[in-house]
Amino acid sequence: MGSCYNSVTLNAPVGRVWDTVRNFHDLSWAPEVITSVGPVGDIDGATPGAMRILNGLFHETLISLSDDDKVFSYSIDDGPGPVSKELVEDYVGIVRLHSVTMDNTTFLEWESSYNTEDDEAVGAFCNPIYQALLTALKNHFG
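Residues numbered from 1 in each chain as written. Predicted model: local features only at pLDDT ≥ 70, side-chain atom pairs only at ≥ 80, totals over all residues. Heavy atoms only, no water.

Undergrad: Looking at this structure, how should I read the packing of aromatic side chains?
TA: To describe a pair of aromatic rings, you give the distance between the ring centres and the angle between the ring planes. Tallied over the entire structure, the rule returns 6 aromatic pairs. Between Tyr 91 and Tyr 114, the aromatic rings sit 5.3 Å apart at their centres with planes inclined by 10°, giving stacked as the arrangement. Taken together, the residues span a long stretch of sequence, with Tyr 91 in strand β6 (residues 88-100) and Tyr 114 in strand β7 (residues 105-116) at a distance of 23 residues. Each of the two residues, Tyr 91 as well as Tyr 114, counts as buried. An aromatic cluster is present here, built from Trp 18, Phe 24, Phe 72 and Tyr 74 joined pairwise through their rings. Note that Arg 52 overlies the ring of Phe 24, its terminal NZ or CZ placed 3.6 Å from the centroid. (Phe/Tyr/Trp six-rings, centres within 6.5 Å; stacked < 30°, edge-to-face > 60°. Helix = DSSP H or I, 4+ residues; strand = E, 2+ residues; numbered from the N terminus. Buried < 20%, exposed > 50% of the residue type's maximum accessible area, 1.4 Å probe, protein only. Lys NZ or Arg CZ within 6 Å of the ring centre and 35° of its normal.)

Here it is in structure tokens:
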């Protein structure tokens, strides 16, 4: 089983960051990375089962969302290259937020796990995307 792990500390309180990232259908905070979000179906972006297509390529489904724990998980059901449904199975991403009480900032973890024959290829493909998303989020909060 392969995995990716990326994290960032954001200069904003955890509630504000959570309000920004919890809507599965809204990645407006990352316009340099995500050029289009196409909701699929009529399930809102805070309800498990919500589906989206990112940049016309990544087909994803919201698996769980907890406002209390400030965490959500999603699957990549199909995508380009090494995350295509032919090459990877059981791709699950998890985004967790933690309050840093000392200075009222937020620590955000973005990790994923997946089954594939080429863990390195998936990591090499996904880690730069996660890093770009976290950089966009950091820029969003200044």
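Undergrad: Got a minute to help me understand helix α1 (residues 14-21) in this structure?
TA: Structurally, the α-helix is built with 3.6 residues per turn, so residues lying three or four positions apart point the same way. Listed in full, the buried residues belonging to α1 are Val 14, Val 17, Trp 18, Thr 20 and Val 21. The buried residues of α1 occupy an angular sector of 160° when the element is viewed end-on, so they sit on one face. Contacts made by the buried residues of α1 are with β1 (2-10), β4 (58-66), β5 (71-78), β6, β7 and α2 (119-140). (Arc of directions from axis to C-beta. Contact = heavy atoms within 4.5 Å.)

Undergrad: In this structure, what is going on with a negative patch on the surface? I would like to understand it.
TA: A cluster of like negative charges, contributed by Glu 117, Asp 118, Asp 119 and Glu 120, occupies part of the molecular surface. By the element assignment, Glu 117 lies in the loop between β7 and α2. (Patch = residues over 30% accessible without salt bridge, like charges linked within 9 Å, V, L, I, M, F, W, Y side chains within 5 Å. Areas by Shrake-Rupley, 256 points an atom, 1.4 Å probe, with all protein chains shown as cover. Salt bridge = Lys/Arg side-chain N within 4 Å of Asp/Glu carboxyl O. Lys, Arg positive; Asp, Glu negative; His and termini not counted. Charge placed at Lys NZ, Arg CZ, Asp CG, Glu CD.)

Undergrad: Honestly, the environment of Asp 44 in this entry has me stumped. Any pointers?
TA: Residue position: Asp 44 is located in the loop between β2 (37-40) and β3 (51-54). Placed 39 residues apart in sequence, Asp 44 and Val 83 show a C-alpha to C-alpha distance of 25 Å. With near-sequence residues (within four places) excluded, Asp 44 lies in contact with His 25 and Ala 50. Polar side-chain contacts of Asp 44 include one of 2.8 Å to the backbone nitrogen of Ala 46. (Polar contact = N/O pair within 3.5 Å; in protein donor to acceptor, adjacent residues only side chain to side chain.)

Undergrad: Teacher, can you tell me more about the sheet that holds β5 here?
TA: Within a sheet, neighbouring strands are paired by backbone hydrogen bonds and run either parallel or antiparallel to one another. The 7 strands are arranged β1-β7-β6-β5-β4-β3-β2 in an open sheet whose pairing can be described as antiparallel. A strand with exactly one partner marks an edge of an open sheet, and here the two such strands are β1 and β2. When the angles between neighbouring strand axes are averaged without regard to direction, this sheet yields 25°. The strands touched by α1 within the sheet are β1, β4, β5, β6 and β7, with β6 carrying the most contacts at an inclination of about 150°. Along the sheet face, α2 touches β1, β4, β5, β6 and β7 and points at about 15° away from the line of β1. (Pairing = 2+ DSSP bridges. Axes fitted to C-alpha atoms, helices over the stretch in contact; angles between N-to-C directions.)

Undergrad: Sorry, what's going on with the pattern of salt bridges here?
TA: Side chains that differ in charge, positive against negative, can pair when their charged atoms come close. Scanning the model with the defined rule gives 3 salt bridges in all. Glu 60 serves as the salt-bridge partner of Arg 52, at 2.7 Å between the closest nitrogen and oxygen. Like Arg 52, the residue Glu 60 is buried in the burial classification. In this structure, the salt-bridge partner of Glu 111 is Arg 96, at a minimum N-O distance of 2.3 Å. Placement of the pair is Glu 111 in strand β7 and Arg 96 in strand β6, with a sequence separation of 15 residues. A relative accessible area of 25% means that Glu 111 is categorised as partly exposed. Under the relative-accessibility criterion, Arg 96 is labelled partly exposed at 27%.

Undergrad: Would you explain the environment of Gly 142 in this entry?
TA: Its place among the elements puts Gly 142 in the segment after α2. Here Gly 142 falls in the exposed class, since its relative accessible area comes to 73%. C-alpha of Gly 142 to C-alpha of Asn 11: the two residues are 131 residues apart in sequence and 6.8 Å apart in space.

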